[in-house]
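Working through the structure, step by step
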Amino acid sequence: MFMYEEAAKLSIFGIQVYAFGFYAAIGALAMLAAVAILSRHTKCVKGTAPLTMLLSMVCGAIASRIVYCLLTQRLGQTVPLKYWVTAATGGGWSMMGLIGGVFAGTRIAAGLTGQKYGRLADITACALPLFIAFERFGEKYIEGFDTSRPLTTDIFNNTFLYMAGDYDPYLATFYLAAIAAAVLFVILLADLLQKRRGGDTAILFLLLFGAGATILESLRYDRFLSITFVNLEQIMAMVCLWTGVILACTRAKGRKGLKRAAAVSLPVATAIGVALEFAIDRTKISHLLIYAVFIIVIFTPAVLGINLRSKAK
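Throughout this description, residue numbers start from 1 for each chain and increase along the sequence as written. Local features in this predicted model are restricted to residues of pLDDT 70 or higher, and side-chain atom pairs are both shown and tallied only at a pLDDT of 80 or more, whereas totals for entire chains, interfaces and linings draw on every residue. The side-chain quantities take in all heavy atoms of the structure and omit both hydrogens and water.

1. Notes on the overall build of the protein chain
Helix and strand definitions here come from DSSP, where helices need a minimum of 4 consecutive H or I residues and strands a minimum of 2 consecutive E residues; each element is numbered from the N-terminal end. The secondary structure content of the protein chain amounts to ten helices and six strands. Here the protein chain, with 313 residues, has 46% of them falling under the buried criterion. Considering only contacts in the protein chain between residues 6 or more positions apart, those separated by 24 or more positions represent 72%. Of the roughly 15,700 Å² of accessible surface on the protein chain, 68% is carried by carbon and sulfur atoms. Relative accessibility thresholds used throughout: buried, under 20% of the residue-type maximum; exposed, over 50%; partly exposed, between the two (1.4 Å probe, protein chains only). Residues are treated as being in contact if the distance between any of their heavy atoms lies within 4.5 Å. We get accessible surface area from the Shrake-Rupley algorithm with a probe of 1.4 Å; when it comes to residues, only the shown protein chains can shield them.

2. Side note on the confidence of the model for the protein chain
Confidence of the predictor at the level of single residues is given by pLDDT, which spans 0 to 100. On average, residues of the protein chain score 84 in pLDDT, and 84% of them are at 70 or above. Note that residues 1–5 has pLDDT below 50 and, in this model, 15 contacts with residues that lie over four places away or in other chains.

3. Quick notes on the packing of aromatic side chains
For Phe, Tyr and Trp, where Trp contributes only its six-membered ring, two rings pair if their centres lie within 6.5 Å, and the inter-plane angle classes them as stacked under 30 degrees, edge-to-face over 60, or tilted in between. A full pass over the atoms with the stated rule returns eight aromatic pairs. For the ring pair F160 and Y175, a centre distance of 5.6 Å and an interplane angle of 65° mean the geometry is edge-to-face. One end of the pair, F160, is in the loop between α5 (117–138) and β3 (162–164); the other, Y175, is in helix α6 (residues 173–192), with 15 residues separating them in the sequence. Note on F160: relative accessible area 51%, which makes it exposed.

4. Focus: the side chain of Q115
In this fold, Q115 is placed in the loop between α4 (95–113) and α5. Apart from residues lying up to four places away in sequence, Q115 is in contact with C44, V45, T48 and A110.

5. A few points about the nonpolar core
Most often, soluble globular proteins have nonpolar side chains that are buried together. Formed by 45 residues in total, the largest nonpolar core has its most connected members in M31, I99, L128, I132, F205 and F209. Ranked by the residues each element gives to this core, the list is headed by α5, at eleven residues. Excluding its chain neighbours within four sequence positions, the residues that come into contact with L128 are M31, L98, I99, V102, F103 and F205. Nonpolar cores are built from buried Ala, Val, Leu, Ile, Met, Phe, Trp, Tyr and Cys residues. Side-chain atoms within 4.5 Å join them into one set.

6. Side note on the packing of helix α2 (residues 48–71) against α4
As a packed pair, α2 and α4 sit with axes 6 Å apart at the nearest point and diverge in direction by 145°. Relative to α4, the crossing made by α2 is right-handed. Packed against α2, whose contacting residues are T48, L51, T52, L55, S56, M57, C59, G60, A63, S64 and V67, the element α4 presents G97, L98, G101, V102, G105, T106, I108, A109, L112 and T113 at the interface. Note on geometry: axes are lines fitted to C-alpha atoms, helical ones only across the stretch in contact, with angles between N-to-C directions running from 0 to 180 degrees. Two helices that cross are described as forming a left-handed crossing if the nearer one is turned anticlockwise from the farther one by less than a right angle, and a right-handed crossing if clockwise.

7. Brief notes about a nonpolar patch on the surface
There is a patch of nonpolar side chains on the surface, built from L54, V58, I62, I66 and L70 and spanning about 440 Å² of accessible area. Summarising the element assignment, I66 is placed in helix α2. Residue class for I66 comes out partly exposed when judged on its relative accessible area of 33%. Each patch groups residues whose relative accessible area exceeds 30% and which form no salt bridge, using 9 Å between like charges and 5 Å between nonpolar side chains of Val, Leu, Ile, Met, Phe, Trp and Tyr. Think of a salt bridge as a Lys or Arg side-chain nitrogen and an Asp or Glu carboxyl oxygen that are within 4 Å of each other.

8. A closer look at the side chain of T106
Position of T106 among the secondary structure elements: in helix α4. Whenever a nitrogen or oxygen atom comes within 3.5 Å of another N or O atom, the pair is scored as a polar contact, on the condition that within protein one atom can donate a hydrogen and the other can accept it, and that pairs from neighbouring residues in sequence are kept only if both atoms are in side chains. Within polar-contact distance, the side chain of T106 engages the side chain of S56 at 3.2 Å. At a separation of 2.9 Å, a polar atom in the side chain of T106 contacts the main-chain carbonyl oxygen of V102. In this view, T106 contacts T52, S56, Y117, L120, A121 and T124; residues no more than four positions away in its chain are not counted.

9. Points about the pattern of salt bridges
What the rule picks out here adds up to seven salt bridges. With its nearest N and O atoms 2.9 Å apart, the salt bridge here joins D191 to R309. Of this pair, D191 sits in helix α6 while R309 sits in helix α10 (residues 287–310), and the two are 118 residues apart along the sequence. For the pair D191 and R309, one class covers both residues: buried. Each of E135, R136, E139, E217 and R220 takes part in a single network of salt bridges with overlapping partners.

10. Points about the environment of E277
When you line up the elements, E277 lands in helix α9 (residues 256–282). Ignoring sequence-local partners within four residues, the contact set of E277 consists of R149, S218, Q234 and F294.

Given below as C-alpha cells:
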C-alpha cells in the first residue's frame, strides 16, 4: 500500500479525510450499530455491545497487523520487528488476520460477561460483513489494489466492474467483494433471526465467507500478501472453509454418510482448486468457464457443511 501522505482524500463538509480510512470507519460504526441492535434482540447482558466491539476492534487491528508483518515479504525478508508499529502508516494489514482477531476479541468479551461464546460469536459474525463491505468499497481509493488479471472478455465492458488500465482493462474486484459482503450480511441476519443453536450462524459465516473469499482472492492479481504465485489470503480463506466444515461435522448428530462426503470434499476441492489456479494462468481455456467450475468445486464443501449444520440438533 501507499504511504498515508500519498493516499486519496475526500472532502467531507469541507474537511479533508483519508478516503480509505473514512470508509473503514463507517464500516466499524455500521458493525457497532448491528452488534448493539442484535445484542438487544437476543437479550444479551447489558453493556455487551460496546465491550464486544471494543475488544473485537482492538484484537482485530493487532492481529491484522501481526499476520501481515509475519507473512509479507520485502526483498525476501519479512517486516523487521521494529517496523511493526512505526511503519503502520505505510500500509500493511491482513483482512483474514482481522477476522481472526475479531473472533478472539469476541471470545474475551464472552468470558468477561459470563455469556456463551457461540451466541456472541453469532452476533459478531452477522455484523462483521458490514465492516468488510465498507472496507472493500474503500479499497477503490488505493491505486493498483484489489484488481484482477487483465480481462480477456468484453462481457464487463460498460459496467461498473470495468476498469481501464494503462495497457489492459481490469476487473474491479473490490466492488465484487463489497457486494458479496453485503449479500452475506443479509443471509446471516436472516439465519440469526431464526433463533438457531448458538454458534450456527458463526459456522455459516465461515462456510460462506471462506468459499466466497477463496474465489475472490483468486480473481485479484495485485500480489498483495503473496509469496511468488501463492496468495496467502486465499490460503487463509480456505482455512476458514475447512474450519466451518469441520465444526459442522463435529456438531452434527449422526449423518455419517454426509459427514464422510463433507470430509472428503475438502481435500478434493482444494486439489482441484490448485489445478484450476494453474489453468487460469497457463492455459488458453476461457476464464469464465474455469471460474464457473471453480465456484461449483469450492462451494460444494460449503453446501455440505450447511446441510450438516441443519442436522446439528
